[in-house]
Amino acid sequence: MIRTNQLTKVFRTELIETTALRQVNFEVKKGEFVAIMGPSGCGKSTLLNILGLLDDANSGLYFFDGTEVSAFNENQRTQLRKGNIGFVFQSFNLIDELSVYENVELPLVALRIQGNARRKTVDEMLDRMHIGHRKDHFPRQLSGGQQQRVAIARAVITNPKLILADEPTGNLDSTNGEQVMQLLEQLNTEGTTIVMVTHSLHHADRAHRVVNLFDGHIVTERVEKIFSPLN
Amino acid sequence: MIRQSLLFFVRNLLKDKLFSVINLTNLVTGFATFILISQFIDMELNWDIHNTHYDRIYRVQLFQDQQENIVQHSSSITAAFSRHDLVNLPEIEKIALVHDVGDNNKDGVFLSADKKNQFLIRYGYYADQSVLEIFSFHFLEGGPDKALTVPNSIVLSKDIADRLFRGEKALGRQLYAENKALLTVTGVYSDLPENSEWRPRYLIPMKSFTALTGWKDYEDNYWAYSFHTYVLLKENADPAGVDAKIHDALKDYRKEHYPYLRPLSKLHVNPYFENSMLNGYTLLSFIATLILVLSAINYINLQVANATTRMREIGIKKSVGFSKRQLWSQFVFESLFITVLAALAGMILSHLAIPAFNKLIEKDVITSVFTQPRLLVIIGSITLVTGFLSGLYPAVVIASFNPVVALKQKATSEEKNGITLKKVLVTTQFSISLFLLIVSFIVYRQTWYMAKGDLGFNSGNLLYANIITSKSGSFDPIRQRLLEHPEIQDASFSDYIPFILPGGNELIWEDALPGEKVFVRINLVSYDFVSAFNLKIITGRNFSREYPSDVEKCLVNETAVRIFRWKDPVGKHIQVNDKQVEVIGVIKDYIPFSVHNPIEPFMYRLIKDSASLNGVYAIRYLPGKEKEASAIVKEEFVQAFPDDVFEFKHIGFLIQNENALKVWIVFKKMCVFFAVISILISSVGLFGLILFFARRKMKEIGIRKVLGFSMRSLYFTMSSGFIKLLLLSVIFAWPLAYGIYKYLPGAHKYPIQIWEFLLGSAIVLMLALATISFQIVKAAKTKPVDVLKDE
């Protein structure tokens with residue numbers, strides 16, 4: 001599904017140069033659930049941002065579904081992201097001024113899906129996430145767990161091939177965190193590829209494979225479950 | 001997409017109400033002002049449009065190809081040219097000859113229904129009946145076909161009819177002109193709209209001209225240039241063709257005189273191709289545009305400043321797949337939406353402001369913008385352009401935020417990209433405010449200079465009256481009696497006085513080159529004219545009763561000496577009607593008519609001491625004794641002229657009523673109004689901008705306070721940036737304002753002074769500092785802990 005080759009990312013300011021990723025070779029197969037772990041500042045989020053095409057690497061190659069995309073321009077990235085990649089953030093990143101319904105609807109608006117089809121898809125997704133009764137509420141009226149469910153609903157509404165989750169349970173208590181993990185697992189079972197950054201060993205155990213990053217390198221890879229590609 | 005954007009936008013507006021109010025106030029005020037000025041200019045440029053044949057009406061004017069320093073265009077021609085030459089042109093459908101009743105340059109003529117209640121009325125005309133077919137008159141009593149056909153009749157405007165007959169029916173009734181002529185009313189027409197260039201208050205048939213004026217052969221006179229001629233061209237007639245045909249028509253009489261047609265549509269703003277008020281309207285349009293630009297810049301500044309608070313939205317939208325173009329159009333759409341909203345509110349506001357604005361410009365002519373489709377289209381297009389342009393920059397800045405950075409809500413990219421252009425915008429904003437403020441000072445001072453400045457004669461304590469009489473007595477005994485009163489200082493009798501423009505003639509002077517002639521205005525004055533008006537003789541002497549031969553001599557003004565290139569003017573001669581008239585003295589230049597016009601060469605000769613010349617009496621009284629002096633003057637003159645009607649007025653009335661000055665007074669009011677508006681807009685804009693910076697700097701202020709920084713250093717840190725930009729704006733605003741001073745129409749300008757620039761800058765600086773202080777004090781007084789835990 002995705003594969004990187006010698007991916008390197010350097011942050012430069014006038015005075016210092018910080019290497020966030022050093023020649024990372026990383027692969028995720030279609031339908032796989034991969035957890036990325038590591039201490040603060042080891043490059044987890046940077047890797048996730050590059051995989052999500054929100055950021056680009058300084059060197060190295062990145063194959064998405066077999067296509068080399070690291071040289072894509074802004075428009076091509078947007079086109080690829082649209083409908084293919086869903087994001088789940090630690091801080092949910094819901095838009096405060098939009099209701100639950102409108103937040104979830106957002107990716108469909110970007111895809112220019114109109115009218116009834118859009119309404120039906122959003123309603124179905126909200127029901128699936130058990131949040132339908134809250135659809136006219138605004139983010140600040142929801143609990144953290146509910147907000148993250150909305151964020152996940154938004155991430156998967158377009159049926160993306162890949163979900164990138166950056167510490168999705170980081171801001172949640174254990175009960176709500178567990179619910180979110182179950183949701184992710186369920187999506188994975190249904191075929192969605194998931195890459196998740198986490199600090200929690202317990203949550204990382206739910207993945208097929210755990211990748212440990214340290215100082216921009218992949219130091220260990222541990223297989224949690226045998227993953228057999230569906231096809 | 002649109003619904004989404006709109007929803008989001010409205011909620012965003014409501015979320016930060018103060019910010020939104022500031023933003024909208026700016027735009028709405030900007031639009032309202034812009035609309036009002038546009039209406040004013042539109043009205044000025046579409047003067048006379050109510051005439052059905054508006055685009056086919058022309059006035060025949062005259063261009064006189066002669067020396068500089070004299071008026072080269074004349075709005076009137078000779079009656080003979082009109083009667084004998086123009087009537088034969090096939091292109092002309094209708095032609096009308098028009099002449100002032102009395103001298104409209106002077107005060108007008110007294111009309112009365114009963115010889116008791118007298119009304120001094122200006123702007124009455126003798127006119128051919130065809131004038132009623134050329135211009136659109138709406139008759140309330142009688143009709144245009146019979147109105148100007150009967151000798152010794154008069155047609156009145158509604159206003160005059162109501163005044164003379166106290167609202168009763170006027171048709172068929174009789175009235176007196178100057179207590180002499182008895183005229184029968186043959187019609188009453190609706191008052192012509194205020195935006196009419198030719199606005200007669202009453203009309204008398206041209207047929208009666210000879211009977212009433214005693215002027216017999218005027219229709220054959222090719223030398224009396226006091227007749228106006230209006231023509232209605234046939235449809236499809238080519239005015240340029242007519243111009244070509246009449247161009248040389250006068251060469252048998254004066255080869256340098258060229259008649260031409262001037263369209264009615266041009267008569268108000270640009271009657272003579274030059275020396276017009278068109279520059280004034282250009283300046284006003286410029287100001288209107290600047291005010292709109294000012295509010296648009298404010299909007300852009302505030303939008304960009306506010307954009308950082310919307311970074312998360314951008315980040316999220318980008319991460320869920322919104323393309324740059326989609327975001328870009330969202331922001332442009334928002335901007336269009338708010339601009340259209342502001343324009344609508346501006347229209348309503350301007351609509352509400354119409355009564356006040358009409359009062360300001362002293363003309364009741366501006367009507368609601370909603371009734372003017374043409375203007376609505378113009379304003380609509382400008383709104384869309386403004387909305388699009390002001391959305392463009394914020395859209396580009398905002399839409400190009402890096403999503404990762406945007407999600408972390410760090411405004412780094414905005415700082416880097418936006419800072420220079422933002423500085424440019426703030427500087428522009430300061431420059432515009434400063435410029436408008438200084439220009440309003442300049443216009444204010446120039447108007448003051450025109451109205452009250454040193455005109456070169458003492459216009460303080462003078463009464464004057466023009467008396468039209470058939471008596472022929474001498475003025476001297478009256479003068480002697482007047483001077484017996486200590487309240488009366490001096491008294492003179494003359495054909496004309498300053499601010500009533502005399503006619504003149506083309507004269508040859510001693511030392512003139514062969515064929516050289518100059519148009520010289522001629523005033524006939526009594527011995528005491530110079531002293532009564534406090535004029536100065538710079539060389540030679542005044543007329544004196546001790547030298548009887550002074551009747552054959554003359555005075556000239558400085559300009560004449562300069563144009564005649566005389567080194568030693570006393571003793572030189574000017575040729576008048578084949579006689580050589582010797583110059584005995586030179587009067588220091590004063591402004592004889594309008595600050596607007598250059599001073600022309602003048603020649604003064606002694607007037608025959610006879611009241612029958614229908615001249616002007618000027619009485620100088622002891623300062624502060626106007627009431628007493630008026631009573632004395634009235635008593636003496638009523639005794640001397642028991643059968644005539646007249647009214648003594650202060651000369652200030654004449655000066656204030658001079659047309660160019662009247663336009664300037666309106667300009668002055670508008671400029672002051674605009675300066676206030678622009679300062680308001682910039683202050684509100686600056687308030688918003690600083691409000692935003694202060695909010696963003698809350699944490700910095702908190703940390704600084706924890707570290708023990710004083711209020712003063714906080715103040716300095718936060719205001720120094722703005723002050724630098726303000727100082728920078730001086731570089732742009734000062735020269736531009738000075739340029740406007742140079743560009744102002746008018747021959748005589750007040751001496752500009754540096755303090756006007758310094759004061760303008762100081763006011764803008766004070767306002768900026770006051771706004772900054774308000775915000776900084778508020779921010780600095782917040783407890784540091786409240787700000788710091790906000791993170």
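Calculation rules
Residues numbered from 1 in each chain as written. Chains lettered and ligands numbered in written order. Predicted model: local features only at pLDDT ≥ 70, side-chain atom pairs only at ≥ 80, totals over all residues. Heavy atoms only, no water. Helix = DSSP H or I, 4+ residues; strand = E, 2+ residues; numbered from the N terminus. Buried < 20%, exposed > 50% of the residue type's maximum accessible area, 1.4 Å probe, protein only. Contact = heavy atoms within 4.5 Å. Areas by Shrake-Rupley, 256 points an atom, 1.4 Å probe, with all protein chains shown as cover. Lys, Arg positive; Asp, Glu negative; His and termini not counted. Charge placed at Lys NZ, Arg CZ, Asp CG, Glu CD. Phe/Tyr/Trp six-rings, centres within 6.5 Å; stacked < 30°, edge-to-face > 60°. Lys NZ or Arg CZ within 6 Å of the ring centre and 35° of its normal. Core = buried A, V, L, I, M, F, W, Y, C linked by side-chain atoms within 4.5 Å. Pairing = 2+ DSSP bridges. Expected span 1.5 Å × (residues − 1). Bend = angle between axes of the 7 residues up to and from the residue. Buried area = accessible area lost by both parts, 1.4 Å probe. Salt bridge = Lys/Arg side-chain N within 4 Å of Asp/Glu carboxyl O. Polar contact = N/O pair within 3.5 Å; in protein donor to acceptor, adjacent residues only side chain to side chain. Axes fitted to C-alpha atoms, helices over the stretch in contact; angles between N-to-C directions. Parallel < 35°, antiparallel > 145°, perpendicular 65-115°, else oblique. Left-handed = near helix turned anticlockwise from the far one by under 90°. Nonpolar A, V, L, I, M, F, W, Y, C, P; charged D, E, K, R; others polar. Patch = residues over 30% accessible without salt bridge, like charges linked within 9 Å, V, L, I, M, F, W, Y side chains within 5 Å.

(A) Looking closely at the overall build of chain B. When you go through chain B residue by residue, the secondary structure sums to 25 helices and 24 strands. Once the C-alpha set of chain B is aligned to its principal axes, its extents read approximately 100 × 55 × 55 Å. By residue count, 55% of the 791 residues in chain B fall in the buried class. For chain B, long-range pairs separated by at least 24 residues make up 79% of all intrachain contacts whose partners lie at least 6 apart in sequence.

(B) Representation of the overall build of chain A within the structure. On a plain count of helices and strands, chain A comes out with seven helices and ten strands. As displayed, chain A offers around 10,300 Å² of accessible surface, 47% of which is attributable to carbon and sulfur atoms. Looking at chain A, you have 25 positive and 27 negative side-chain charges, and the mean spots of the two groups are 4 Å apart.

(C) Just the packing of aromatic side chains, in detail. Residues and elements named next belong to chain B. Applying the stated criterion across every chain yields a total of 41 aromatic pairs over all chains. Taking NZ or CZ as reference, Lys317 lies 5.5 Å from the ring centre of Phe322, over its face. Over the ring of Tyr741 we find Lys749; its NZ or CZ atom is 5.9 Å from the centre of that ring.

(D) How the structure looks around the nonpolar core. Formed by 114 residues in total, the largest nonpolar core has its most connected members in Phe40 and Phe533 of chain B. Counting residues per element, this core draws most heavily on helix 21 (residues 659–696) of chain B, which supplies 19 residues. Counting residues in hydrophobic clusters, the runner-up holds 36 residues, among them Val88, Leu108, Ala155 and Ile157 of chain A.

(E) Just the pairing of strand 11 (residues 202–205) of chain B, in detail. Residue and element names in this part refer to chain B. Of the two faces of strand 11, both are covered, the one formed by Tyr202 and Ile204 as well as the one formed by Leu203 and Pro205. Two elements, strand 6 (residues 124–127) and strand 11, share four bridges in a ladder whose sense is parallel. Across the sheet, the residue bridging to Tyr125 is Leu203, located in strand 11. Bridge count for strand 8 (residues 153–157) against strand 11 is two bridges, and the pairing is antiparallel. Considered in strand 11, the bridge of Leu156 is made with Tyr202.

(F) Examining helix 13 (residues 373–399) of chain B more closely. Its 27 residues give helix 13 of chain B an end-to-end C-alpha distance of 37 Å, which sits within 8% of 39 Å, the value for a rise of 1.5 Å per residue. Its axis deflected by about 30° at Leu392 of chain B, helix 13 of chain B carries its strongest bend there, up to four residues before the proline Pro394 of chain B.

(G) Representation of the side chain of Lys553 of chain B within the structure. Residue and element names in this part refer to chain B. Inspection of the secondary structure puts Lys553 in strand 19 (residues 553–557). Judged by relative accessible area, Lys553 falls into the buried class, the value being 18%. Beyond its immediate chain neighbours, meaning those up to four positions away, Lys553 contacts Phe543, Val581, Glu582, Ile584, Tyr604 and Arg605.

(H) Looking closely at the interface of chain A and chain B. At the interface, 27 residues of chain A touch 25 residues of chain B. Summing both partners gives a buried area of about 2,400 Å² for chain A against chain B, and 55% of it is carried by carbon and sulfur. Area buried by chain A at its contact with chain B is led by Leu54, Asn93 and Glu97 of chain A, which between them contribute 23% of it. Remark: the boundary between chain A and chain B carries zero salt bridges. The tally of links between chain A and chain B comes to two residue pairs in polar contact (both at pLDDT 80 or more). At the level of secondary structure, the elements contributing two or more residues to the side of chain A that touches chain B comprise helix 2 (74–81) and helix 3 (100–110) of chain A.

(I) Geometry of the packing of helix 3 of chain A against helix 4 (residues 115–128) of chain A. Residue and element names in this part refer to chain A. Here helix 3 crosses helix 4 at 125°, and the two axes come no closer than 10 Å. In terms of axis orientation, helix 3 runs oblique to helix 4. Helix-helix and strand crossings are classified by hand; for helix 3 and helix 4 the assignment is right-handed. Only Arg118, Arg119, Thr121, Val122, Asp123, Met125 and Leu126 of helix 4 make contact with helix 3, whose side of the interface consists of Val100, Tyr101, Val104, Glu105, Leu108 and Val109. Looking at the contact of helix 3 with helix 4 residue by residue, the class counts come to eight nonpolar, one polar and four charged.

(J) Region of the structure containing the packing of helix 2 (residues 17–45) of chain B against helix 13 of chain B. Residues and elements named next belong to chain B. Running from N to C, helix 2 and helix 13 cross one another at 140°; their axes reach a closest spacing of 11 Å. Judged by the angle between their axes, helix 2 and helix 13 are oblique. In terms of crossing hand, the pair formed by helix 2 and helix 13 is right-handed. Here helix 2 contributes Phe31, Phe34, Ile35, Ser38, Gln39 and Asp42 to the contact with helix 13, which in turn contributes Arg374, Leu375, Ile379, Ile382, Thr383 and Thr386.

(K) Quick look at the sheet that holds strand 1 (residues 2–12) of chain A. Reading across from one edge, 2-1-4-5 (chain A) is the order of the four strands in this open sheet, with antiparallel pairing throughout. Two strands close off the open sheet at either side, each with one partner strand: strand 2 (17–28) and strand 5 (67–68) of chain A.

(L) Looking closely at the sheet that holds strand 3 (residues 33–37) of chain A. Residue and element names in this part refer to chain A. With respect to topology, six strands assemble into an open sheet ordered 6-7-8-3-9-10, the strand pairing being mixed. Whereas interior strands pair on both sides, the edge strands pair on one side only; in this sheet they are strand 6 (85–88) and strand 10 (217–223). Within the sheet, the average angular offset between the axes of one strand and its neighbour, ignoring direction, is 20°. Where strand 9 (residues 209–214) meets strand 10, six bridges bridge the pair, whose relative direction is antiparallel. Bridge pairing in strand 10 places Val211 opposite Glu221. Relative to strand 7 (residues 162–166), helix 1 (residues 44–51) is tilted by about 155°, and along the sheet it contacts strand 3, strand 6, strand 7, strand 8 (193–197) and strand 9.

(M) Highlighting the pattern of salt bridges. Counting across every chain of the model gives 33 salt bridges over all chains. One salt bridge in this structure joins Lys161 of chain A and Asp65 of chain A, with 3.3 Å as the shortest N-O distance. One end of the pair, Lys161 of chain A, is in the loop between helix 5 (144–156) and strand 7; the other, Asp65 of chain A, is in the loop between strand 4 (59–64) and strand 5, with 96 residues separating them in the sequence. Residue Lys161 of chain A is classed as partly exposed on the basis of its relative accessible area of 37%. Under the relative-accessibility criterion, Asp65 of chain A is labelled partly exposed at 33%. Salt bridges linked by common partners bring Asp476, Arg479, Asp490, Asp528 and Arg545 of chain B together as one network.

(N) Looking closely at the environment of His217 of chain A. Residues and elements named next belong to chain A. Positionally, His217 belongs in strand 10. Taking the relative accessible area as the measure of exposure, His217 reaches 38% and is therefore partly exposed. Sequence spacing of His217 and Phe72 is 145 residues, and the spatial spacing of their C-alpha atoms is 24 Å. Those residues within four positions of His217 in sequence are excluded, and the remaining contacts are Arg22 and Asn212.

(O) Geometry of a nonpolar patch on the surface. Taken together, Ile754, Trp755, Leu758, Leu759, Ile763 and Leu767 of chain B make up a surface patch of nonpolar side chains, about 510 Å² in accessible area. Relative to the assigned elements, Trp755 of chain B resides in helix 24 (residues 754–781).

(P) View of the side chain of Asp490 of chain B. All names here are of chain B. If you trace the backbone, Asp490 turns up in strand 15 (residues 488–494). On the accessibility criterion, Asp490 (11% relative accessible area) is buried. Side chain to side chain, Asp490 and Arg479 meet in a polar contact 3.1 Å long. Polar contacts involving the side chain of Asp490 include one to the main-chain amide nitrogen of Ala532, which spans 3.3 Å.

(Q) Structural detail: the environment of Glu552 of chain B. All names here are of chain B. Positionally, Glu552 belongs in the loop between strand 18 (537–540) and strand 19. The spatial distance from the C-alpha of Glu552 to the C-alpha of Leu148 is 45 Å, given a sequence separation of 404 residues. Setting aside its immediate chain neighbours within four residues, Glu552 contacts Lys579, Val581, Glu582 and Arg605.

(R) The environment of Thr469 of chain B, seen in detail. Residues and elements named next belong to chain B. Note on placement: Thr469 falls in the loop between strand 14 (462–466) and helix 16 (476–483). Taking C-alpha positions, Thr469 is 9.5 Å from Gly615, a pair spaced 146 residues apart along the chain. Leave out the neighbours within four places in its chain, and Thr469 touches Lys180, Ala611, Ser612, Asn614, Phe641 and Asp644.

(S) Structural view of unusual backbone geometry. Residues and elements named next belong to chain B. Of note, the phi angle at Tyr123 is positive, near 65°, even though the residue is not glycine. On the basis of relative accessible area, Tyr123 is assigned to the partly exposed category, the value being 27%. With a phi close to 55°, Asn152 is a non-glycine residue in the positive phi region. Among the secondary structure elements, Asn152 is positioned in the loop between helix 5 (144–147) and strand 8.

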